[in-house]
Amino acid sequence: MIFGRSQRGKPPVEPVTLKILVAGGFGVGKTTLVGAVSEIRPLRTEELLTEAGRPVDDVSGVEGKHTTTVAMDFGRITLREDLVLYLFGTPGQERFWFMWDELSEGALGAVVLADTRRLEDCFAAVDYFERRSIPFLVGVNCFEGSARYPAETVRQALDLDAQVPLVMCDARDRESVKELLVGVVQHAMTQAADRRGAVTT
């Protein structure tokens, strides 16, 4: 790129920007996921867990967690020259769920992170996106030391519709996270095409 123009003489491409949400329960790895893949330093709104929050913040299974997201995490990744994703990590605790409506405005789709040790913690996120018809996939974050279950077993436990993708992942690994994000974009595009087809028939 020389003075804003490519070496082949073509003007720079104006990328399409898409908004993706990263949701799930408390301590499931949302902040880690955004940080693993963002090409900019992620914006984080984390606060230390306090004694006052102990009655409402269940840290069983994630005893090493000392901070929590109170508003959102924000990151950016360029998938192609013409495609940029903005990532918004939602807060996991119920008392911050009022922010989800604001964050989901204009979102193309979402990743719902799940932890098989605390699978019930992602039910609220699955229900939220189903009720609002926002395309989503479930990423099962494979924590060290946690039991491994077949994807179909996890799908049944979450009572997912057949068309909802479910992918095993590692929220710490950039390539694993990129696969999740590509999957969300493809799933959202497929659903949009299906809706257009339904309208025209």
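Structure's up top.
In this text, all values refer to a predicted model and were calculated from it rather than measured experimentally.

## Considerations on the overall build of the protein chain
Working step 1: Helices and strands together make up the secondary structure of the protein chain, namely 5 helices and 7 strands.
Working step 2: Counting over 201 residues, the protein chain shows a buried share of 43%.
Working step 3: When contacts within the protein chain are restricted to residue pairs at least 6 apart in sequence, those whose partners lie at least 24 apart make up 71%.
Working step 4: Taken as a whole, the protein chain presents about 11200 Å² of accessible surface, with 53% of it coming from carbon and sulfur.

## Thoughts on unusual backbone geometry
Trans is the prevailing form of peptide bonds, just as negative phi is the prevailing case for residues other than glycine.
Working step 1: In this structure, S133 takes a positive phi of about 55° despite not being glycine.
Working step 2: Locating S133 in the fold gives a position in the loop between helix 3 (123-131) and strand 6 (136-141).
Working step 3: Residue class for S133 comes out exposed when judged on its relative accessible area of 53%.
Working step 4: We note that D159 has phi near 55°; this positive angle belongs to a residue other than glycine.
Working step 5: Mapped onto the elements of the fold, D159 is located in the loop between helix 4 (151-158) and strand 7 (166-169).

## Focus on the pattern of salt bridges
Working step 1: Applying the stated criterion to the full structure yields 9 salt bridges.
Working step 2: A salt bridge links D101 to R132; its shortest N-O distance comes to 3.5 Å. One end of the pair, D101, is in helix 2 (residues 100-104); the other, R132, is in the loop between helix 3 and strand 6, and 31 residues separate them in sequence.
Working step 3: Residues joined in a network through salt bridges with shared partners are E144, D170 and R172.

## A short note on the packing of aromatic side chains
Working step 1: Per the counting criterion, the structure on display carries 6 aromatic pairs.
Working step 2: Ring geometry for W100 versus Y128: centroids 5.2 Å apart, planes at 85°, classification edge-to-face. Within this pair, whereas W100 is found in helix 2, its partner Y128 is found in helix 3, the two being separated by 28 residues in sequence. Note on accessibility: W100 and Y128 belong to one class, buried.
Working step 3: An angle of 35° between the planes, with centres 6.2 Å apart, marks the rings of F129 and F136 as tilted. For the pair F129 and F136, a shared accessibility class is recorded, and that class is buried.
Working step 4: An aromatic cluster of at least three residues, connected via ring pairs, comprises W100, Y128, F129 and F136.
Working step 5: Directly above the aromatic system of F88 lies the positively charged group of K19, at a separation of 4.8 Å from the ring centroid.
Working step 6: Seen from the ring of F143, R117 lies directly overhead, with NZ or CZ sitting 4.4 Å from the centre.

## What about the nonpolar core?
Working step 1: Ranked by internal contacts, the top residues of the largest apolar core, which has 25 residues, are V112, F129, F136, V138, L158 and L160.
Working step 2: Among the secondary structure elements, those contributing two or more residues to this core are strand 1 (16-24), helix 2, strand 5 (109-114), helix 3, strand 6 and helix 4.
Working step 3: Sorting elements by how many residues they give to this core places helix 3 first, with 4 residues.
Working step 4: Judged by nonpolar contacts, the second largest core, of 22 residues, contains L18, V34, V111 and L113.

## Thoughts on the environment of P42
Working step 1: Checked against the element boundaries, P42 lands in the loop between helix 1 (30-37) and strand 2 (43-48).
Working step 2: The sequence separation of P42 and D73 amounts to 31 residues, and the corresponding C-alpha distance is 6.8 Å.
Working step 3: Residues in contact with P42, not counting those within four places in the same chain, are V34, G35 and F74.

Calculation rules
- Residue numbers here run from 1 along each chain, matching the order of that chain's written sequence.
- Side-chain atom pairs in this predicted model are given and counted only at pLDDT of 80 or more, local residue features only at pLDDT of at least 70, and totals for whole chains, interfaces and linings cover all residues.
- For side-chain calculations, the full set of non-hydrogen atoms in the structure is used, while hydrogens and water are omitted.
- A run of H or I in DSSP counts as a helix once it spans at least four residues, and a run of E counts as a strand once it spans at least two, with each numbered from the N terminus.
- Note on exposure labels: buried denotes an accessible area under 20% of the residue type's maximum, exposed denotes more than 50%, and partly exposed covers the range between, all computed with a 1.4 Å probe on protein chains only.
- By definition in these notes, contact holds between two residues if any of their heavy atoms fall within 4.5 Å.
- For the accessible areas, the method is Shrake-Rupley and the probe is 1.4 Å, while residue cover comes only from the protein chains on display.
- What counts as a salt bridge is simple: a side-chain nitrogen of Lys or Arg found within 4 Å of a carboxyl oxygen of Asp or Glu.
- Geometry of aromatic contacts follows a simple scheme: Phe, Tyr and Trp rings, the Trp one being its six-membered ring, pair when their centres are within 6.5 Å, and the pair is stacked under 30 degrees between planes, edge-to-face over 60, tilted otherwise.
- Charge over a ring is defined by NZ of Lys or CZ of Arg lying within 6 Å of the ring centre and within 35 degrees of the ring normal.
- Remark: nonpolar core denotes a set of buried residues (Ala, Val, Leu, Ile, Met, Phe, Trp, Tyr, Cys) joined through side-chain atoms within 4.5 Å.

All we've got here are geometric facts, nothing functional implied.
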